[in-house]
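Now for the letters of each chain:
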Protein chains: 2
Amino acid sequence: MSRASDRAYAIIRDMILSGDLPSGAKIGEEALAEQCGVSRTPIREALNRLEAELLIRRNDTQRSFVADWSIDDVEEMFELRGMLESRAARRAAKRISWEQIERLKTHHEAIGKAIHATKPDTHSFIEHNHLFHGVILEASASAQLTNMLARIVERPIVHRTARNYSLEDLERSHRQHGELIAAFEHHDPAWAEAVMISHIRRAFHAYANVHIDQRLPDMSQAAE
Amino acid sequence: MSRASDRAYAIIRDMILSGDLPSGAKIGEEALAEQCGVSRTPIREALNRLEAELLIRRNDTQRSFVADWSIDDVEEMFELRGMLESRAARRAAKRISWEQIERLKTHHEAIGKAIHATKPDTHSFIEHNHLFHGVILEASASAQLTNMLARIVERPIVHRTARNYSLEDLERSHRQHGELIAAFEHHDPAWAEAVMISHIRRAFHAYANVHIDQRLPDMSQAAE
DNA sequence: CCGAAGATCATTGTATACATTAGGCTGCCA
DNA sequence: TGGCAGCCTAATGTATACAATGATCTTCGG
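Residues numbered from 1 in each chain as written. Chains lettered and ligands numbered in written order. Predicted model: local features only at pLDDT ≥ 70, side-chain atom pairs only at ≥ 80, totals over all residues. Heavy atoms only, no water.

**Quick notes on empty space enclosed by the protein**
Unfilled space is identified by rolling a water-sized probe across the atoms. Residue and element names in this part refer to chain B. If you walk through the whole model with that rule in mind, you get 2 cavities of 30 Å³ or more. For the largest cavity, the full set of lining residues is Tyr-165, Asp-169, Arg-172, Ser-173, Gln-176, His-199, Arg-202, Ala-203 and Ala-206. Looking at the lining of the largest cavity, the elements that each hand over two or more residues are helix 9 (167-185) and helix 10 (189-211). The residue makeup of the lining of the largest cavity, split by class, is 3 nonpolar, 3 polar and 3 charged. (1 Å grid on protein atoms, 1.4 Å probe; cavity = no way out; pocket = protein on both sides within 12 Å on 5 of 7 lines; lining within 4 Å. Points joined across faces, edges and corners; volume = space filled by probe spheres on them. Helix = DSSP H or I, 4+ residues; strand = E, 2+ residues; numbered from the N terminus. Nonpolar A, V, L, I, M, F, W, Y, C, P; charged D, E, K, R; others polar.)

Rendered as structure tokens:
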């Protein structure tokens, strides 16, 4: 997209993700325009995008606020992501090319290095993890899945999840990626789908354990 | 949303749905502004919304075109809709109130009347069908499901599907709605989910039979 | 003293003018 | 004659000014 509105989008999103703009905070277009150094026009475009991604809510009179995510929202988000990503994996398994599998392996190795550095390189992990899933989405060849998942993956929780992974979590995630690659090499949709479901659900529980010690959600309903 | 940008959105969407703007047609902001009687600013907002709904595509240089939907895209759309709506139905079954069930019954009756009028009232059918599914979405109490389905339901194919329903299709749809209400009255998530899946898949096949006589898609893979 | 109504202020919606950039046309050169 | 280069045109991106609308504060009446 355009330069200014993209910058504004990135800046505002980071302000929300970093907690600089706390949940429920009022968002004024003019104030943001000043902070971002652009006019209100690109700010408005950025706010529309952020609203579509549910990072921002608007009250009945179009005033914007930072959305607050309850634990139930987070759980629902992970489940939707699981549905969509597993479906993408199934489609990808039928269509993925050897070139795409090679790229998966490249990111897979990079993640391995990031984990086993003297100190785990979380930033590199997140980066290549994102690219890894991006290749699968590309291989799924579904504009609609891509469209929907794009809105989910950039959300606060997904970022904070990986940041709080233990070494064990990181290694488990890495192993699951390896399993996904194997499923793709065999072009086995059911296998890829199953691994992906497991992968996302594991991520949810890693998040839940860190962020809500007091409440272990009853998964018997949700996970079924 | 705002008055002018909403009107612009509705006008442009109708131009696409009616085929006035055919697939692949170039979309110029200024030309549309003139046709809609507003300035480019609300037009741009409308185009962003339509792009998010995949009714419009943008090339690498931000120029807009009417998206073309292949039969595979349509199939994928129905499957995504099935996933999301069945999930909404499951959630709704756990949470739906008697007041909401009453509203479902109201729309159910209205649909019945629309079907059995001297000449089936397609417009009324579509309207109350939309409201019926809207109540379920409301009862699901998931902002994220609502958000995602809102983008899908307004798409060209969904509209054209009902328009081409035979009397038999209409009655079958009506019966399935009745079944859904029963599932909700018993607060049975599995039942509601199953009926909804069947409901959406039936809609897909009704669409496919009308629009592609030449190719009956191999559902063994997709439906699975 | 409390409540309601009106005015003022703040914020968002729209229009227009300007900047920037991609695409195309024409003319020159090989 | 074909291809490339530079200008020209058209379309999008951004800023700013203005309009409309909702919120808040003040004041007047009960």
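Still more ground to cover, so stick around.
**With respect to helix 9 (residues 167-185) of chain A**
With 19 residues, helix 9 of chain A should reach 27 Å at 1.5 Å per residue; the first-to-last C-alpha distance of 27 Å fits that figure. Looking at the buried positions of helix 9 of chain A, the neighbouring elements they touch are helix 4 (71-95), helix 5 (98-115), helix 6 (122-140) and helix 10 (189-211) of chain A. (Expected span 1.5 Å × (residues − 1). Contact = heavy atoms within 4.5 Å.)

**Re the pattern of salt bridges**
Summed over all chains, the structure comprises 35 salt bridges over all chains. With its nearest N and O atoms 3.1 Å apart, the salt bridge here joins Arg58(A) to Glu51(A). Arg40(B) serves as the salt-bridge partner of Glu29(B), at 3.0 Å between the closest nitrogen and oxygen. Placement of Glu29(B) in helix 2 (residues 29-36) and of Arg40(B) in helix 3 (residues 40-52) is noted, with a sequence separation of 11 residues between them. (Salt bridge = Lys/Arg side-chain N within 4 Å of Asp/Glu carboxyl O.)

**Let's talk about the relation of the copies chain B and chain A**
Of the transformation placing chain B onto chain A, the axial shift is 0.0 Å and the rotation is 180°, giving an RMSD of 0.1 Å. Those values place the two copies in the arrangement expected of a two-fold rotation axis. Same-surface contact between copies: 97% of interface residues of chain B are shared with the interface of chain A. (Least-squares fit on C-alpha atoms with pLDDT ≥ 70 in both.)

**Details of the sheet that holds strand 2 (residues 56-58) of chain A**
Residues and elements named next belong to chain A. Pairing is antiparallel in the open sheet, where 3 strands are placed in the order 1-3-2. Each edge of the open sheet is held by one strand with a lone partner, namely strand 1 (26-27) and strand 2. Sheet contacts for helix 3 (residues 40-52): strand 1, strand 2 and strand 3 (64-66); angle to strand 2, the most-contacted strand, approximately 100°. (Pairing = 2+ DSSP bridges. Axes fitted to C-alpha atoms, helices over the stretch in contact; angles between N-to-C directions.)

**As for the side chain of Glu76(A)**
Within the secondary structure, Glu76(A) sits in helix 4. Within polar-contact distance, the side chain of Glu76(A) engages the side chain of Arg91(B) at 2.8 Å. Ignoring anything within four residues of it in the chain, the contact list for Glu76(A) reads Arg87(B), Arg91(B), Ser142(B), Gln144(B) and Leu145(B). (Polar contact = N/O pair within 3.5 Å; in protein donor to acceptor, adjacent residues only side chain to side chain.)

**Some details on the domain arrangement of chain A**
All names here are of chain A. Examined at the domain level, chain A breaks down into domain 1 (3-66) and domain 2 (71-222). Inter-centroid distance (C-alpha atoms) of domain 1 to domain 2 is 28 Å. The interface of domain 1 with domain 2 comprises 8 residues on the first partner and 6 residues on the second. It is Arg-13, Leu-17 and Glu-53 that lose the most area in domain 1 upon contact with domain 2, and together they represent 65% of the buried surface on that side. Our enumeration of links across domain 1 and domain 2 arrives at 0 salt bridges. A per-element tally of the side of domain 1 that touches domain 2 places helix 1 (residues 3-17) first, with 3 residues. For the side of domain 1 that touches domain 2, the residue count by class is 5 nonpolar, 1 polar and 2 charged. (Domains from an automatic or database assignment. Buried area = accessible area lost by both parts, 1.4 Å probe.)

**Notes on the packing of aromatic side chains**
The description of an aromatic ring pair rests on the distance of the ring centres and on the angle between the ring planes. Tallying each qualifying case throughout the model produces 6 aromatic pairs over all chains. Ring centres 5.4 Å apart and planes at 55° place the aromatic pair Phe78(B) and Phe204(B) in the tilted group. One end of the pair, Phe78(B), is in helix 4 (residues 71-95); the other, Phe204(B), is in helix 10, with 126 residues separating them in the sequence. This pair shows no difference in class: Phe78(B) is buried, exactly as Phe204(B) is. Judged by centre distance (6.2 Å) and plane angle (65°), the ring pair of Phe125(B) and Tyr165(B) falls under edge-to-face. Of this pair, Phe125(B) sits in helix 6 (residues 122-140) while Tyr165(B) sits in the loop between helix 8 (156-163) and helix 9; the two residues are 40 residues apart in sequence, bridging distant segments of the chain. Its end group placed over the ring of Tyr9(A), Arg49(A) keeps NZ or CZ at 3.7 Å from the ring centre. (Phe/Tyr/Trp six-rings, centres within 6.5 Å; stacked < 30°, edge-to-face > 60°. Buried < 20%, exposed > 50% of the residue type's maximum accessible area, 1.4 Å probe, protein only. Lys NZ or Arg CZ within 6 Å of the ring centre and 35° of its normal.)

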